[in-house]
Structure formats: C-alpha cells, structure tokens
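Letter by letter, the chains look like this.
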Amino acid sequence: MTTLPRPTTELSADEARRIALRAQGFLGAPDRRSGVRGVLRHLGAVQLDTISVLARSHELIAYARLGAVGRAAVEEAYWRSGQQPPHSFEYWSHAACILPIEEWPHFAFRRRAYRNRPHWNHELPDGAYEQVVKQLRAEGPLTATELGGAKRTSEWWDWSGAKVAVERALMYGEVVCVERRGWKRVYDLAERAVPAALLHDDLDDTECLRRLVGLAGRALGVGTRADIADYHRLKGEQVDAVIADSGLVPVTVEGWAKPAWADPRALASPPRGRHRTTLLSPFDSLVWERARTERIFGFTHRLEAYVPKQKRVHGYFAMPVLSGGRLVGRVDPAREGRTLVAKQVALDGPRAVPALARALVEAAGWVDCTDVRVERLDREELREPLTAELAHALA
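Because the structure is predicted, anything quoted here is derived from the model rather than measured. (Residues numbered from 1 in each chain as written. Predicted model: local features only at pLDDT ≥ 70, side-chain atom pairs only at ≥ 80, totals over all residues. Heavy atoms only, no water.)

(A) The arrangement of the overall build of the chain in detail. Looking only at helices and strands, the chain has 16 helices and 14 strands in total. Dimensions of the chain, computed from the C-alpha atoms along their principal axes, are close to 65 × 55 × 40 Å. Classification of the 395 residues of the chain by burial places 56% in the buried group. Pairs at least 24 residues apart make up 65% of the contacts formed inside the chain by residues separated by at least 6 positions. When the accessible surface of the chain is totalled, it reaches about 18100 Å², and 50% of it is carbon and sulfur. For the chain, the separation between the mean place of its 57 positive charges and that of its 51 negative charges on side chains is 2 Å. (Helix = DSSP H or I, 4+ residues; strand = E, 2+ residues; numbered from the N terminus. Buried < 20%, exposed > 50% of the residue type's maximum accessible area, 1.4 Å probe, protein only. Contact = heavy atoms within 4.5 Å. Areas by Shrake-Rupley, 256 points an atom, 1.4 Å probe, with all protein chains shown as cover. Lys, Arg positive; Asp, Glu negative; His and termini not counted. Charge placed at Lys NZ, Arg CZ, Asp CG, Glu CD.)

(B) Examining the pattern of salt bridges more closely. All told, the structure shown has 28 salt bridges when counted by the stated rule. One salt bridge connects E59 with R71, and the closest N-O pair in it is separated by 2.9 Å. Residue E59 is found in helix α3 (residues 57-66), and its partner R71 is found in helix α4 (residues 71-78); the two are separated by twelve residues along the sequence. Here E375 ties to R373 by a salt bridge, and the two come within 3.0 Å at their closest N and O atoms. (Salt bridge = Lys/Arg side-chain N within 4 Å of Asp/Glu carboxyl O.)

(C) The arrangement of the sheet that holds strand β4 (residues 96-100) in detail. Ordered by their spatial adjacency, three strands build an open sheet running β2-β4-β3, and the pairing between neighbours is antiparallel. This sheet does not close on itself; its edge strands, each paired only once, are β2 (46-47) and β3 (88-92). As paired elements, β3 and β4 share five bridges and run antiparallel to each other. Bridge assignment links W92 to a residue of β4, and that residue is A96. (Pairing = 2+ DSSP bridges.)

(D) Structural context of the side chain of S285. With respect to the element layout, S285 can be found in the loop between β10 (278-279) and α14 (290-297). Classification of S285 as buried rests on a relative accessible area of 7%. Side-chain polar atoms of S285 contact the side chain of Q24, separated by 2.6 Å. Not counting the four nearest positions on each side in its chain, S285 is found in contact with Q24, L43, R65 and Y231. (Polar contact = N/O pair within 3.5 Å; in protein donor to acceptor, adjacent residues only side chain to side chain.)

(E) The arrangement of helix α10 (residues 205-220) in detail. The first and last C-alpha atoms of α10 sit 22 Å apart over 16 residues, in line with the 22 Å expected at 1.5 Å per residue. Turning to α10, its buried residues are C208, L209, L212, V213, G214, L215, A216, G217, A219 and L220. Downstream of α10 by a residue or two, G221 has a phi angle that is positive, lying close to 85°. (Expected span 1.5 Å × (residues − 1).)

(F) Highlighting the pairing of strand β8 (residues 249-253). Side chains V249, V251 and V253 project from β8 onto a buried face, and the interleaved P250 and T252 project onto a face without burial. Sheet topology note: the β8/strand β9 (residues 260-262) ladder contains three bridges and is antiparallel. Each residue of the ladder has a partner; that of V251, found in β9, is A260. Linking β8 back to β9 in an antiparallel pair, the connection comprises six residues, with G255 at a positive phi of about 85°.

Shown next as structure tokens:
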C-alpha cells in the first residue's frame, strides 16, 4: 500500500493539496451522520457574514461539504432553540465565527486581551455596560433591539449605546451569543448560557494558544506558520511560542518557500476518495488565506463585494468552483424568482464546463430554483457547450 512520506521528508505539492482538501472535508464521502455539527467541530470555526446572495455564508459552508442539506437544518444545528444546551457560540476567531461550545475555555486568552485593550472604535457611554448586564439578568436573552436599539441612525456603523455595551460585554465574555432570531444575535449572560463545566478562564495563554494552533493545523492538514496563524487570527510570535508542543510535525513541501507543519494523522494514510464538485463561499476556510490559495491551487481569490462596482473583475460575490480537487473557475450568482442567474462566469477552459454545469444545477435545486441562466462568460466560445450541459443536467 502506498503511504505518504515521513514527516521529516518532503511532501509533493500534489500531496499537500490533497491533504488540505481532505482536512477541509472535500475529499472522500461526506460524514452525513455527524452532519452540520460535525462539520463545525471538524473545521473548528465557520465564518459569519451578512451578505446573502445564493445563501448566507455559514449555510454555504455546510452545503459545500454535505450537499443539499436542508437550510433549516443548518440553522438548527448551529444555534440552540429554547432551553436546549448550546452546541456553539459566536466569537472573534478568523473573523466573526461560529465556534464549537467546547472551545469556550480556549478563547480565554482573547477575552483577557479585550479586557486589557486601551482603545476602541466605539465610545462606551457611562453606565451603558452596567445597564445592559442588569437588563439581561432581569429579562433573560434579548436582541440588541430589545436592549434599546442596535443603531442610532440608518448608518450600519452608528451603533447605539446599548449595542456598543453588549458587544463589549460579548468580547469580554460576560455575555454570549448562542442563538439567533431572524439573523439577529440573541445575547445572554455567559453564566446562564455556557455549560458550567466550560464556564471558566482558568487556562493560561500558552495552553489556549497551543490548543488553537493544534486545531488550526488539523483543520488545514498542512500549512505554513502564516497559514496556521491566520486560521484563528493569531500573531506569528504566538504560533512560534507553542507550535513545538502543539502536536503538529514539521514538514517541507515542494514549491513552498517557507517551512510547514502538518497534522500527523493527515500523514498517516494517503488522501483518497472522490472529490467534491461545488460552489464555494468566498468566506470558506478552504480559501480564507489568499497567499495559501494561490500556493496550493494556483488560484487568485478576492472578495469584491466591497470593491466599487466599476472596479470589479469577477463580480460582487464571485464563488470559486471546486472540481476534481482543483479550483477551475468562478461564478457570480444571483436569484430571480426560481431562476439561479450566473451573472458572470470565468472558467479555465472547456474541461471545466461539465463541472460548472453540475455545480450550478445542484446549487439551484438547493435554493429551490428550477432553472439556471448564464449571462456573461469570460470565454464566449464556451457558451454553447455550457448551455448544452445545463440543459442535460436540468432535464
């Protein structure tokens, strides 16, 4: 049986790519028994974002790995309802993320850092913090609106005093979000919502960082110092301080200019199994770090939602197309009624056409669309074969 090289030897670029795909859940049969919660535990963090085109990003993360899992089931898996014990909490990791509830103790280092932070973007009005905590204690879980309003004006950044206070309390760890209602965060006292066995800041910074570096390495499969640091937005020196004791092993990768580390379990057996064909959220952890995406896939990925329209190259929410373990193109989607619209499509070449057609038709069915329409193609000579493939897949 073919085995991967020992950790002290060099991995080929292809081996590193397949290790990364398997670690992120894109190689082999999906684990449907553990479902969406299993995906969350496996990845360690799922990024949240307000943009919803095809669907919200946290839904797309589960869809990309499990297929057409029900969107209601995704929501139920992430957030608790009623008096159920929480499965996850929201906190600052790679960005604003959903995190497994069992990782609460390992973010004590970040809660401490926030408590010691001297400067903030939003001014905290006198007495607002104490009032928010008092209201939550008396009335139970509440949204920012119920606490007194999320914003002072229509501007997205112009938070009310109550919103500033409750977000500060969330960063400090006195308040937690384990539930959403209609996409609104529901805030509760951590002492009431977090299971008692997890509700502590007992772990020192070193132990927290060792855990998060190890988790990042397992979620990536193999990565450089910068890759590992970026996963939970750690500093390079924080990674350096603990990586020797994180359980990861040093490796070298063909074509990588920097040293790398790998999860020994990822090296224990060769990555095998079918590759997933799917559309990826721009916020998917497979493509979080731009330099890593270029290094592994030779693919330049950039979210253009915040780029002025006239300067966009690939579109507002261009989604990379993953097929055969490669990133073969991208599509900027929209929905019009029950039609999934590919507003702008870029493909590597004719070989990517069947993969894109399959990905578009599957995504359309997932969001209850019955038709697919392609508007702009970067290579017009591919329109006819793509149209034929789509007609066949929709039939």
